[in-house]
Amino acid sequence: MIVPDDEAGIRAALREAGESLRKDEVPVGCVIVHDGLIVGRGHNQVESLKDATAHAEILAIGAASNALGGWRLSDCTLYVTLEPCSMCAGAIVLARLGRVVYGAADPKAGACGSVLDVLGERRLNHRAELTAGVLAGECGELLREFFRRRRRAVLRLAEAGGLAGDEPGADPAGGDSGA
C-alpha cells in the first residue's frame, strides 16, 4: 500500500487498531513507512501475548527493522493512532526514527509532550520530527468507544454478581487480605 500523506498513514494505523479491537485489546495501531511504502505494522497485543511490551509501536518497529534489514529507521515515518507512551517513545529514539505522526493525545501516559516529552529531550542523542493530532477525533473516538463498552460490560457483570471479591480491600487471590 502506498502512503502519500499523513492522513493516509494514520488511516492505515486505524486499520491496525481495528485488529486490536477485534481481539478485545486496547485499539491502538501503528504503521511504519519508508519511501511511501508500509514496511512495518503493529497493533496492541498486550493481552493476547501476555506481554506488557507488546504495544503497537514496538511490534511495528520490530517488523520494519526486519523488513529493512537493520535497526536504524532514520528514513522512516511512524504513524500511530495514540500518542506513544514512555516505553514506545524510548524505542522510537533508539530506532532513530526520522519522524513520528500520531492521532489522539494521551493526557495520562503520553510521552511526546502530554505528560513527558521524550522525543524532544535535548540530552538524548536523537530527536524525531513530530506531527500531532492527525485525525485525532477518529482516533480518540475509537478509544473512547472501546472503554465505554468495557465499562458497560463490567457494570453488567457487577449487577449479575459476577465481580465477587473485587470489592475494595479484597485479596484478588481469594485469601484474607487482613483488612
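The following paragraphs examine the structure supplied in this document. (Residues numbered from 1 in each chain as written. Predicted model: local features only at pLDDT ≥ 70, side-chain atom pairs only at ≥ 80, totals over all residues. Heavy atoms only, no water.)

Moving on, we come to the packing of aromatic side chains. Under the defined criterion, the tally for this structure stands at one aromatic pair. Centre to centre, the rings of Phe-146 and Phe-147 are 5.0 Å apart; their planes meet at 80°, and the pair counts as edge-to-face. Relative accessible area serves as the criterion here: at 3%, Phe-146 is assigned to the buried category. (Phe/Tyr/Trp six-rings, centres within 6.5 Å; stacked < 30°, edge-to-face > 60°. Buried < 20%, exposed > 50% of the residue type's maximum accessible area, 1.4 Å probe, protein only.)

With that settled, consider the nonpolar core. If you look at the biggest cluster of nonpolar residues, it comprises 41 residues, and the most contacted ones within it are Ile-10, Ile-32, Ile-61, Leu-73, Leu-78, Ile-92 and Leu-97. The element best represented in this core is strand β3 (residues 76-82), accounting for five residues. Ignoring any residue separated from it by four or fewer positions in sequence, one finds Leu-78 in contact with Cys-30, Val-31, Ile-32, Glu-57, Ile-61, Ile-92, Leu-97, Arg-99, Val-100 and Val-101. (Core = buried A, V, L, I, M, F, W, Y, C linked by side-chain atoms within 4.5 Å. Helix = DSSP H or I, 4+ residues; strand = E, 2+ residues; numbered from the N terminus. Contact = heavy atoms within 4.5 Å.)

So, about helix α5 (residues 136-159). An α-helix turns once per 3.6 residues; consequently, residues spaced three or four apart project the same way. Look at α5: 34 Å from first C-alpha to last across 24 residues, which is about the 34 Å you get at 1.5 Å a residue. Against the buried residues of α5 lie α1 (6-22), β3 and β4 (99-104). Of the residues trailing α5, Gly-161 is marked for its positive phi of about 80°. (Expected span 1.5 Å × (residues − 1).)

Okay, the pattern of salt bridges next. Inspection of the entire model under this criterion finds 13 salt bridges. The salt bridge involving Glu-145 is made with Arg-148; its shortest N-O contact spans 3.1 Å. With Glu-145 and Arg-148 both in helix α5 and three residues apart, the pair spans about one turn of that helix. Put simply, Glu-141, Arg-144, Glu-145, Arg-148, Arg-149 and Arg-152 are held in one network by salt bridges that share partners. (Salt bridge = Lys/Arg side-chain N within 4 Å of Asp/Glu carboxyl O.)

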